[in-house]
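Observations on the model geometry
Listed here are the chains, written in short residue letters.
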Amino acid sequence: MTEPVKDAVAVPAAPTPRTNGRPATQFVRPTFAGLQRPSNGSINADESNSAPHPAAQRDPSRFAPRVAQRRFIASAFAALCLVATLIGVVVLAALLIDIFRDGASRLSWSMITGFPSRFADRAGIGPALAGSAWVLALTALFAFPLGVGTAIWLEEYAPNNRWRRLIEMNIANLAGVPSIVYGILGLALFVRVMSLGRSLMAAALTLALLILPVIIIASQEAIKAVPRTIRLGAYALGATRWETIKHQILPVALPGIMTGTILALSRAIGEAAPVILVGALGFVAFIPTNPSDQYTVLPFQIFNWVSRPQTAFHEVAAAASIVLLALLLSMSAIAIWLRNKYTRRS
Amino acid sequence: MAATRLAVACVLPAATLVACGPGSASYTVSVDGSSTVYPITEAMAEEFGIAATEKVNVTIATSGTGGGFKAFCAGERDISNASRHIKESEIELCKKNGIEYVEFNIAIDGLTVVVNPANTFVECLTVAELERIWKPGSTLSRWSEVRAEWPNEPIKLYGAGTNSGTFDYFTEAIMGRVGAIRDDFSASEDDNVLVQGVEGDRNALGFFGYAYYAENTTRLKSVAVDPGTGCVQPTPESIQAGTYAPLARPLLIYVSRESMKRSVVRDFVRFYLEHSLEYVPETGYIALGADVYEQHLKTLAVFDSTAVATSAAP
C-alpha cells in the first residue's frame, strides 16, 4: 500500500530512478494517491493528520518528471550565469589590455613624478598625483567622522520613528544622485558662498558630500551586524551607551566600516566630473602644499590628455590610467587587509 | 555692491587660510577660458616656468570661452583665453564688476571643413552650400542635393557641440547668427570624437579646429571653402594671409588691468608675446605677423611704465 508512495517520491529526487526490480515504465506516471494519506512512508510522516503538503494538492496525474528537460534547464541556467560573469570579465580585460598596450611603454618614474608639458614625451603626472593624494586625505578627513557619526546616531540613538525612516530614505536616495549634481552644489556652496575658491579644500568637501551616503549606509550595515546580545550584555553590566559603543560595538563593526569607507574613497578618487566643476585645472606645474592651493587630479589630467589631437598624448593618458588603476587596486587591497586583520583579532 | 561682496569674500578665507581671487600670491598667474587656446597658453606657461628665475605658478583652467569670461569678469582670473572676441553681454558683465581689460591677438585658427578620404568628389564647398547644408531646419540629406552632379549618397554631419567657441564661430561665420544650426547632426565637445566619426564614415562631413586636421591629415581630407572669390584650402599661409575666409578665427587673450599691476602677470604676457612666433606653430595653430606682436608689446610697455610710476609714488 505504501510502496508506490516511496517510489514516487524517489523518482524526482534521485538522479536515476530506483526501479526496485520493477519495469521502469511504471514510474513514468506514478500515482500520487498515497501522498494524501497519512502513513509512515509518506512525506507527511512528521505532521500526520495535519493538512497535506501543498505539492500534494495538485492534480497528481499531471506530474511528469521530464528529467532530461529539467537537467537541460538547470545546466542552461548555470551557463547563462557564467556568460553574465564572463561579459564583465572580458570587457574589463579588453579595457585593461588596451590601456596597457597604449600606456605601458610610457610608464616611468620620470613620468610619475614629472610636470605636465606640451610635449607628450616629457609630460608627467606629478601635480595630478599629488593633487589626488591631497584630495583623498582631506576627503577622508571630512567624510569618515561625519559618515560614521551619522551611522552611529541612526543605529544606536535615533528613536525608530517616521523621522528616522525619512532620513534613512533620503540618504539612500542621495547615494543615487549623479556626481555632477554634487559638483554643482559644491561650486555654489563651497567655491562661491563659503568662498573657498578653486582650492583643494572645496574639492575635498564636495567629494566628501558625494561619498557620505555610501559611508553611512556601509557603516549602518556594519553596526547592525553586531549581535544584540553584545549590547544587552554591556548594558547589563552597567555600561553607558557611549561605553557600549566605544568598547563593544565599534571594535566589532570597524572592519565593515573601514571596507565601506575605503571603497567609497576609491570612488571619490576616480571622479572627474564634480572636480572639474569645482575648479580642477588643466595645467598645474607645481605640487600643492596646502589645502588652499589650486590643484588638478588624475582623472581630470587623463581627460585633458585624451582630448588632445596628438596620439602621443593619448598614450600618456593611458599610462596615467594605469597609475590610477594601481592606486585604486592598492586601496581595495588595503580594505581587504584591514578587514582580515580586524576580523581575526575580534 | 560688487565691492562689498568681494570684501566679504576676502575676509572669510583670510580666517581659513584660503586664497582669495587672483593676486592672492605675488607669484601666481591664473588663466581660464577656451580649450582651443589652452595648448598655446600651456606652452607659454611651461616655457615661462622654465625660464623664470623666481618662483612662478601659472595655472590654466579650461571652462570654455564663455565660462572663462564669466570667471574673468567676476574678478576671479588674471587672464582669459578666448577663441572669439568678447561678447556685448560679457562686456556688460565686466563693466558691472569694475573689471577693465586689455585684449591681445595671439594666433589664428582656421576652422577646417573635412570629409572622409574615400570621398573623391567633394573638393570645394561654397559658403552658400555650407549654409544650405547646416542651416536650422535644413532637410538636405544627400550629396546630390548639394550639387546635382554629386552621387545620390546620404550626408552624415559631424560638428562641434554647443558649448564650444568653435560652434559659436562656425554658426556665426556661415549662418550669420551665433547658435543657428540644424539639430540633427552628431555633436561632440571633444574634437577627437569628431575626427574618429569622419574617419570611419565615407559619407561624413564635419568641421573642427585646424590643429585637429593637421594632426590627422592622412585620415581626413580637408575641403576648400569658397566665399565667392574662389576656392581656398586651409593652409598656414592662407589662414595667416586672411584669404581662407570666412572660417579663419582669431585666438585671443584678455588680461585684467588690475592684474597687470603685478609684475609677474606683465612678465608672463611679455613672454607670451615675445615667443608666440616660436611656440604657436608647434601647437597646430597659425601665428600672426611679427608686427602684430610688436604692436602688442608696445601696449604692454605702457603698463610697465605706469606700474613703475605708481610704485615709485609715496
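Residues numbered from 1 in each chain as written. Chains lettered and ligands numbered in written order. Predicted model: local features only at pLDDT ≥ 70, side-chain atom pairs only at ≥ 80, totals over all residues. Heavy atoms only, no water.

Considerations on the confidence of the model for chain A
Residues and elements named next belong to chain A. Formally: Confidence of the prediction at every residue is given by pLDDT, a number between 0 and 100. The contact criterion used is simple: two residues touch if any of their non-hydrogen atoms lie within 4.5 Å.
Scored by pLDDT, chain A has a mean of 83; 82% of the residues are at 70 or more. Between residues 1–28, whose pLDDT stays under 50, and residues either more than four places distant or in other chains, the model counts 30 contacts. When the criterion is pLDDT under 50, residues 30–48 qualifies, and its contacts beyond four places in sequence or with other chains add up to 26 contacts.

Some thoughts on the side chain of Arg 231 of chain A
All names here are of chain A. Convention followed: In DSSP terms, a helix is any run of H or I states spanning at least four residues, a strand is any run of E spanning at least two, and both are numbered starting from the N terminus. Only protein chains enter the calculation, and the probe is 1.4 Å; a residue is then buried if its accessible area is under 20% of its type maximum, exposed if over 50%, and partly exposed in between.
In this fold, Arg 231 is placed in helix 9 (residues 228–236). With relative accessibility at 12%, the residue Arg 231 sits in the buried group. Ignoring any residue separated from it by four or fewer positions in sequence, one finds Arg 231 in contact with Glu 156, Ile 223, Val 226, Thr 244 and Ile 249.

Quick word on the pairing of strand 5 (residues 112–115) of chain B
All names here are of chain B. For the record, the criterion: When DSSP finds at least two bridges between two strands, those strands are taken to pair.
Of the two faces of strand 5, the one carrying Thr 112 and Val 114 and the one carrying Val 113 and Val 115 are both buried. The pairing of strand 5 with strand 9 (residues 204–208) spans four bridges and is classified as antiparallel. Paired with Val 115 across the strands is Leu 205, a residue of strand 9. Pairing of strand 5 with strand 10 (residues 221–226) involves three bridges; the strand directions are antiparallel. Counted as the bridge partner of Val 115 is Lys 221 from strand 10.

A closer look at the state of the cysteines
Residues and elements named next belong to chain B. Defined as follows: Criterion for a disulfide: a pair of cysteine sulfur atoms at a distance within 2.5 Å.
As enumerated under the stated definition, the model contains two disulfides over all chains in all. The side chain of Cys 73 participates in a disulfide bridge whose partner is Cys 94; the two sulfur atoms lie 1.9 Å from each other. The sign of the S-S torsion, about -75 degrees, decides the handedness of the disulfide formed by Cys 73 and Cys 94: left-handed. Placement of the pair is Cys 73 in helix 3 (residues 64–73) and Cys 94 in helix 4 (residues 88–96), with a sequence separation of 21 residues. With respect to class, Cys 73 is no different from Cys 94; both count as buried. Note that Cys 124 is cross-linked by a disulfide to Cys 231, the S-S spacing being 1.9 Å. Across the S-S bond linking Cys 124 and Cys 231, the dihedral sits near -95 degrees, which makes this disulfide left-handed. Within this pair, whereas Cys 124 is found in strand 6 (residues 124–126), its partner Cys 231 is found in the loop between strand 10 and helix 10 (236–241), the two being separated by 107 residues in sequence. Note on Cys 231: relative accessible area 48%, which makes it partly exposed.

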